[in-house]
Amino acid sequence: MFLVLALLVVVGLMTTTIVVTVRDGYRRTPPCCNVARCNDARTAAEDFNMADIDSPPRRRKAPLPLPDKVALVLQGGGALGSYQAGVYEALDAANIRIDQVAGISIGAVNAALIAGNPPELRVKALRAFWDRMSAALPTFPIWGGDLGREWLHEASAAFVASFGVPGFFAPNLWSPFLALPGSGAALSFYDTAQLAHTLNDLVDWERLNTGPMRIAVGAVEVESGNFHYFDSANERLDARHIMASGALPPGLPGVEIDGKLWWDGGLVSNTPLSHILDTQDAELLVFQVDLFPAAAPRPTTMMGVMAREKEIRFSSRTRQVSDALIKLRREREAIRRVLDKLPDDLRTDPDVVALTDMAREYPVNVVQLIYRANDWESGSRDYEFSARTMAEHWAAGREAVAATIDRSELVAANILDGKTAAFDLGR
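Keep in mind it's a predicted model, so treat the numbers as computed, not measured.

Please set out the packing of helix H5 (residues 122-133) against helix H7 (residues 193-202) residue by residue, giving values where relevant.
Packing of H5 against H7 brings their axes to within 10 Å, and their N-to-C directions diverge by 155°. In terms of their interaxial angle, H5 and H7 are classed as roughly antiparallel. At the point where H5 passes H7, the crossing takes the right-handed sense. For the pair formed by H5 and H7, the contact residues are Ala-125, Ala-128, Phe-129 and Arg-132 on the first element and Thr-198, Asp-201 and Leu-202 on the second.

And the structure:
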């Protein structure tokens, strides 16, 4: 009975994951729950440890003109987060430097891995983390085409629901319905104590908080229901803040910070684009990486229904927020054009001055990179952590950036002209 309940609960598991800490140049590899299953993860961590930080990365000229700042916006989506890792790897290879990153849930984890490492180690940190997440489910041979792949996909997800992910979360010994009310075990099906160790292994918190890249992660306070961004520009972040952003109930436990209990920010908003625009102080290019598409074909099976329901639930608000923010920007742009046409004797009028201040802002271009699932991926895609699927998601992220760069002429023109717009060039 518990297995069935756990599987149903984790169908909603959209986020959390794991991150990284560097202390005095030394990186630790956390103990694995099962030595046989974690050999691959240890190998990845060892490769990460051996990174030559003195070797300058090979770069080429950026494929489009870059404004004063470039931001990366990472949506929540659990196991789909390796798509974001592939996106970052491709952006890094294209010499598109990221100045600011914001994330929700698994996006917060990837954001911490990026901001909490020097540029030459960021991709290695992402690779070490995602190899560790998928080490318990190595690549198996597949027979039967998409049908066989779908069954393997569901079996892998069922394994995660039953046994957890080493280094991330593990099932509680007892059902929460049998636990003492008010205790931690009564509030979730899984325990995420391992996550803190993983985060502290892969993230240099000093760099994350004082380095050149600004980072913000969103979470919701349980008692008030208020949404909040933990922002390195305003407060010091550690593993708790990343874990809070991905503490999706009832699967994962809330995280207490300074006497307040926090849950997954995706409960309120699954995209942190609004925070990036609210804190904008220069011309900006935003790469918004979404893990759930707003548009998709009509489902034909119950598995398809479950998948489509989740896509709508987590993507519609994202598109609404993006469209509303861009619409507001365009309206302000139109107001500024009208104000520029006013005669000089009206420019000092108090109402004109007030309107000028309200309409003042910097141009922004938002490039949307959206993961579009394969036919065999169901509603369990966000907690299916197999090595094969992780690698495919990662490759899809790289391909999305390549497709966007190949069609980036309009984005480049907008940047040069100082205009505001949103683009989905990967369709």
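Give me the lowdown on the nonpolar core, citing residues and values where you can.
Among the nonpolar cores identified, the biggest contains 83 residues, and Leu-72, Tyr-83, Trp-130, Ile-215, Phe-287 and Phe-385 are the most heavily contacted of them. With eight residues, helix H4 (residues 106-115) is the largest single contributor of residues to this core. Membership of the second largest hydrophobic core comes to 15 residues, among which are Val-73, Ala-102, Ala-216 and Leu-277.

Describe unusual backbone geometry, naming the residues involved and giving the relevant values.
Between Pro-249 and Pro-250 the backbone carries a cis peptide bond, its omega angle lying at -5°. With a phi close to 65°, Asn-95 is a non-glycine residue in the positive phi region. Among the secondary structure elements, Asn-95 is positioned in the loop between helix H3 (82-93) and strand E2 (100-104). For Asn-95, a relative accessible area of 28% corresponds to the partly exposed category. Positive phi, normally seen in glycine, also occurs at Asp-258, with a value near 55°. Following the sequence through the fold, Asp-258 ends up in the loop between strand E7 (255-257) and strand E8 (260-264). Taking relative accessible area as the criterion, Asp-258 reaches 72% and is therefore assigned exposed.

Please set out the environment of Asp-382 residue by residue, giving values where relevant.
If you trace the backbone, Asp-382 turns up in the loop between strand E10 (364-370) and helix H13 (387-406). Asp-382 sits in the buried class, given a relative accessible area of 1%. Put simply, Asp-382 and Ala-79 are 303 residues apart on the chain and 4.6 Å apart in space, counted from C-alpha to C-alpha. In terms of polar contacts, Asp-382 uses its side chain to reach the side chain of Lys-310, at 3.0 Å.

If you had to explain the packing of aromatic side chains to someone new, which residues and values would you point to?
Going through the model one piece at a time under the given rule, you end up with 10 aromatic pairs. Centre to centre, the rings of Phe-159 and Phe-163 are 5.0 Å apart; their planes meet at 45°, and the pair counts as tilted. Of the two residues, Phe-159 and Phe-163 are both situated in helix H6 (residues 145-163); the distance of four residues between them amounts to about one turn of the helix.

Go over the pattern of salt bridges, please, and point to the residues and values.
In the structure shown here, the tally under the stated rule is 16 salt bridges. The residue Asp-99 makes a salt bridge to Arg-97 at a minimum N-O spacing of 3.0 Å. Of the residues examined, Arg-97 reaches a relative accessible area of 52% and is grouped as exposed. For the salt bridge of Lys-310 with Asp-382, the shortest nitrogen-to-oxygen distance reads 3.0 Å.

Break down H3 for me, with residues and values.
For H3, spanning 12 residues, the distance from its first C-alpha to its last is 17 Å, which sits close to the expected 16 Å at 1.5 Å a residue. The element H3 is extensively covered by neighbouring structure, given that 10 of its 12 residues are classed as buried. Those residues of H3 that are buried lie in contact with strand E1 (69-74), H4, H5, strand E9 (284-290), E10 and H13. Phi turns positive, to about 65°, at Asn-95, one or two residues after H3.

Could you give an account of H5, with specific residues and numbers?
For H5, with 12 residues, the first-to-last C-alpha span of 17 Å sits near the 16 Å given by 1.5 Å per residue. For H5, the tally of buried residues reaches nine of 12 residues, placing the bulk of the element in the interior. Taken together, the buried positions of H5 are Arg-122, Val-123, Ala-125, Leu-126, Ala-128, Phe-129, Trp-130, Arg-132 and Met-133.

Help me get a handle on the side chain of Thr-389, residues and values and all.
Residue placement: Thr-389 occurs in helix H13. Reaching out from Thr-389, the side chain makes a polar contact with the side chain of Ser-386 at a distance of 2.9 Å. Apart from residues no more than four positions distant in its own chain, Thr-389 is found in contact with Arg-149, Trp-376, Glu-377 and Glu-384.

Tell me about the pairing of strand E5 (residues 214-221), residues and numbers included.
Most of E5 sits inside the fold, with seven of its eight residues counted as buried. Pairing geometry for E2 and E5, over five bridges, is parallel. Directly across from Val-101, in E5, lies its bridge partner Ile-215. In this antiparallel pair of consecutive strands, E5 and strand E6 (residues 227-231), the connection spans five residues, and Gly-225 shows a positive phi of 75°.

Lay out a nonpolar patch on the surface with the relevant residues and their values.
Taken together, Leu-173, Trp-174, Phe-177 and Leu-178 make up a surface patch of nonpolar side chains, about 600 Å² in accessible area. Among the secondary structure elements, Trp-174 is positioned in the loop between strand E3 (170-171) and strand E4 (190-191). The exposure class of Trp-174 is exposed, given its relative accessible area of 59%.

Can you lay out the packing of H3 against H5 for me, pointing to particular residues and giving the numbers?
It is the contact of H3 with H5, at a shortest axis distance of 10 Å, that shows an interaxial angle of 160°. Classed by the angle they form, the pair H3 and H5 counts as roughly antiparallel. The handedness of the crossing between H3 and H5 is left-handed. Each of Ser-82, Ala-85, Tyr-88, Glu-89 and Asp-92 in H3 lies in contact with H5, whose residues at this interface are Arg-122, Val-123, Leu-126 and Trp-130.

Calculation notes
Residues numbered from 1 in each chain as written. Predicted model: local features only at pLDDT ≥ 70, side-chain atom pairs only at ≥ 80, totals over all residues. Heavy atoms only, no water. Axes fitted to C-alpha atoms, helices over the stretch in contact; angles between N-to-C directions. Helix = DSSP H or I, 4+ residues; strand = E, 2+ residues; numbered from the N terminus. Parallel < 35°, antiparallel > 145°, perpendicular 65-115°, else oblique. Left-handed = near helix turned anticlockwise from the far one by under 90°. Contact = heavy atoms within 4.5 Å. Core = buried A, V, L, I, M, F, W, Y, C linked by side-chain atoms within 4.5 Å. Buried < 20%, exposed > 50% of the residue type's maximum accessible area, 1.4 Å probe, protein only. Polar contact = N/O pair within 3.5 Å; in protein donor to acceptor, adjacent residues only side chain to side chain. Phe/Tyr/Trp six-rings, centres within 6.5 Å; stacked < 30°, edge-to-face > 60°. Salt bridge = Lys/Arg side-chain N within 4 Å of Asp/Glu carboxyl O. Expected span 1.5 Å × (residues − 1). Pairing = 2+ DSSP bridges. Patch = residues over 30% accessible without salt bridge, like charges linked within 9 Å, V, L, I, M, F, W, Y side chains within 5 Å. Areas by Shrake-Rupley, 256 points an atom, 1.4 Å probe, with all protein chains shown as cover.

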